[in-house]
Amino acid sequence: MKLFPYAHATHPQWPMAAALVLAQLRAQMALHGYASAPTLALLYITDHYADVAQDILDHLAAELPLVTDWSGTVGIGIVSNNVEYWDEPAMAVMLLELPSDQYRVFSGVAPLGLGFESHTALVHADPNTADLGELIAEMAARTDSNYVFGGLASSRRKTVQFAVGGNGNIGGHGAASGVFSGGLSGVAFGADVALVSRVTQGCMPVSAVRRVSAADNNVVLALDGEPALDVMLRDLAISLDQPQEALEVVRATLVGLVPAPDTALADSANGTPRSAVRQTGNFGEDVLVRHIVGLDPGRQGVVVADRVEAGAQLVFCRRNVQAARADLTRICAEIREELEPQEQALETAHAVQASMLESAPHPARRIAGAVYVSCTGRGGPHFGGPSAELQLVRRALGDVPLVGFFAAGEIAHHHLYGYTGVLTVFIASAEGQLA
């Protein structure tokens, strides 16, 4: 698998941005080591271009006739290697050269057929779609790995998704022409398309792992057999006798939840649940972080922004710049450690190190391209400055082809997350696997 050509540009007039993108793509396609005959494109646009999404797709498809399949969506912000475009007209494109029998584009009007065995899938979704959580879980269950990744479109204008499939696009898509609103769309990948994906929660646990003893819908009534409000006040070292100070602390605190029973957290040796917090101090990927939305003094309860059932694990946590930066760096390091061989020839090791310093891709990294979906509540300001989040990814992962967007909700495993980042890399070898 060769490196995926990618490009990004901003301009008030979309034809100018498209021209800049096409120039970058064509220049890379002419370089040794980059894909020269791609068939699948990922297209992300900011909502400034939402009303002309069809024009953009038609133009790019006409200029890139080899590309028969398109997928993507809109975001308030989009990303590419080392840069974030927030609240400005911009687009990003990545071209993938994959075997045609190893992927399928799907949408609401051209759903994934029974003839294709999906190992995993990139999923884009309209946030206004009903029962999204159930639809995502159902989509994941249709894959061999029970893993999907992606995010919900975010837009202050029209919410659009791109989905053009070369295998029967005309008959399946009708008059829609590849631009849709509502439902799910994306790309399903076969087992030979090797991926590694990680989720960064960007949170720091500030309490021990608690077990929910009693709950009523989204009100946690008891933790470890004690009134939930009392446990929270003790864990956060606050008192209702000083209500203003307590309120400020509670507003800055969230909860990490693991539903119970959850076989995904079962210890393979003895079947007992693993802790929601790893030994390294970070959350496991099955933890869903939710806001505290109120207190119930009458019942000594804590109200959270999700349904909670007795038996669930709950951890009080906080988000801040330090936790977000550390956790993002961690997942990048995990991906690099999984992909790079433990033993390298001295010449190869020197070449990889040199390419990191020069910000140039090197085959030994085994990354053909990457997709990064982050929450609209994150981005540069949350990490300390403009484009700081993507600059962290580049420093930790290297100068790899990357595109993505800021989402209204992030998708990974079979869950719908919030305030997270989902980083997925395509491996330039068939030996990799989802993790």
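Everything numeric here is computed off the predicted structure, so don't read it as measured data.

**Student:** Just to check I follow, could you spell out the sheet that holds strand β6 (residues 90-96) for this structure?
**Tutor:** By way of backbone hydrogen bonds, the strands of a sheet pair with one another, either parallel or antiparallel. One open sheet accounts for 6 strands, arranged β1-β6-β2-β3-β10-β11; its pairing is mixed. The open sheet has two edge strands, β1 (6-10) and β11 (179-180), and neither has a second partner. The pairing of strand β3 (residues 69-75) with strand β10 (residues 161-164) spans 4 bridges and is classified as antiparallel. Across the sheet, the residue bridging to S71 is A163, located in β10. Helix α1 (residues 14-29) contacts β1 and β6 of the sheet and is inclined by roughly 155° relative to β1. Helix-sheet contacts for helix α2 (residues 53-63) involve β2 (40-46), β3, β6, β10 and β11, and the interaxial angle to β2 is about 145°.

**Student:** In this structure, what is going on with unusual backbone geometry? I would like to understand it.
**Tutor:** Peptide bonds are trans in most cases, and residues, glycine excluded, mostly fall at negative phi. Its identity is not glycine, yet D131 carries a phi of approximately 55°, on the positive side. Here D131 is to be found in the loop between β8 (120-125) and α3 (132-141). Among the residues examined, D131 registers a relative accessible area of 55% and is labelled exposed. At Y419, a position not held by glycine, the phi torsion is positive, near 60°. Positionally, Y419 belongs in the loop between β25 (415-417) and β26 (421-427).

**Student:** Even after reading the chapter, I still don't get the packing of helix α7 (residues 321-339) against helix α10 (residues 388-397), so can you show me in this structure?
**Tutor:** Describing two packed helices takes the angle between their axes plus the distance from one axis to the other. Between α7 and α10, the least distance of the axes is 9 Å, while the angle of their chain directions is 35°. Both α7 and α10 take part in a crossing whose hand is right-handed. Residues R325, L328, T329, C332, I335 and R336 of α7 form the contact with α10, whose own contacting residues are E389, L392, V393, R395, A396 and L397. Here the contact of α7 with α10 is built from residues that sort into 7 nonpolar, 1 polar and 4 charged.

**Student:** Please clarify how the pattern of salt bridges should be interpreted in this entry.
**Tutor:** Opposite charge on two side chains permits pairing when their charged atoms draw close. Following the criterion strictly, the structure yields 16 salt bridges and no others. A salt bridge links E63 to R26; the shortest N-O distance between them is 2.7 Å. Of the two residues, E63 is situated in helix α2 and R26 in helix α1; the sequence distance between them amounts to 37 residues. The class of E63 is partly exposed, set by a relative accessible area of 34%. When the shortest N-O distance is used, the salt bridge between R234 and E226 registers 3.1 Å. Overlapping salt bridges, with partners in common, bring together R198, D327, R330, E334 and E338 in one network.

**Student:** Sorry if this is basic, but what is going on with the packing of α1 against α2 here?
**Tutor:** Here α1 crosses α2 at 30°, and the two axes come no closer than 11 Å. Compared by their axis directions, α1 and α2 come out roughly parallel. Where α1 crosses over α2, the two elements pack in a sense that is right-handed. On the side of α1, the interface is formed by W14, A18, L22 and R26, while α2 contributes D55, I56, H59, L60 and E63. Looking at side-chain class alone, the contact of α1 with α2 contains 5 nonpolar, 1 polar and 3 charged residues.

**Student:** Help me understand the sheet that holds strand β9 (residues 148-152), please; the structure alone is not making it clear to me.
**Tutor:** Across the sheet, 6 strands lie side by side as β7-β12-β8-β9-β24-β25; this open sheet has mixed pairing. Where the open sheet ends on each side, the last strands, each with one partner, are β7 (103-106) and β25. Taken pair by pair, the neighbouring strands of this sheet meet at an average axis angle of 15°, ignoring direction. In this structure, β8 lies alongside β9, joined through 5 bridges in parallel fashion. The residue of β9 that forms the bridge with L122 is F149. Contacts between α3 and the sheet are confined to β7, β8, β9, β12 (184-189), β24 (410-413) and β25, with β9 contributing the most and set at about 155° to the helix.

Cut-off values and rules
Residues numbered from 1 in each chain as written. Predicted model: local features only at pLDDT ≥ 70, side-chain atom pairs only at ≥ 80, totals over all residues. Heavy atoms only, no water. Pairing = 2+ DSSP bridges. Helix = DSSP H or I, 4+ residues; strand = E, 2+ residues; numbered from the N terminus. Contact = heavy atoms within 4.5 Å. Axes fitted to C-alpha atoms, helices over the stretch in contact; angles between N-to-C directions. Buried < 20%, exposed > 50% of the residue type's maximum accessible area, 1.4 Å probe, protein only. Left-handed = near helix turned anticlockwise from the far one by under 90°. Nonpolar A, V, L, I, M, F, W, Y, C, P; charged D, E, K, R; others polar. Salt bridge = Lys/Arg side-chain N within 4 Å of Asp/Glu carboxyl O. Parallel < 35°, antiparallel > 145°, perpendicular 65-115°, else oblique.

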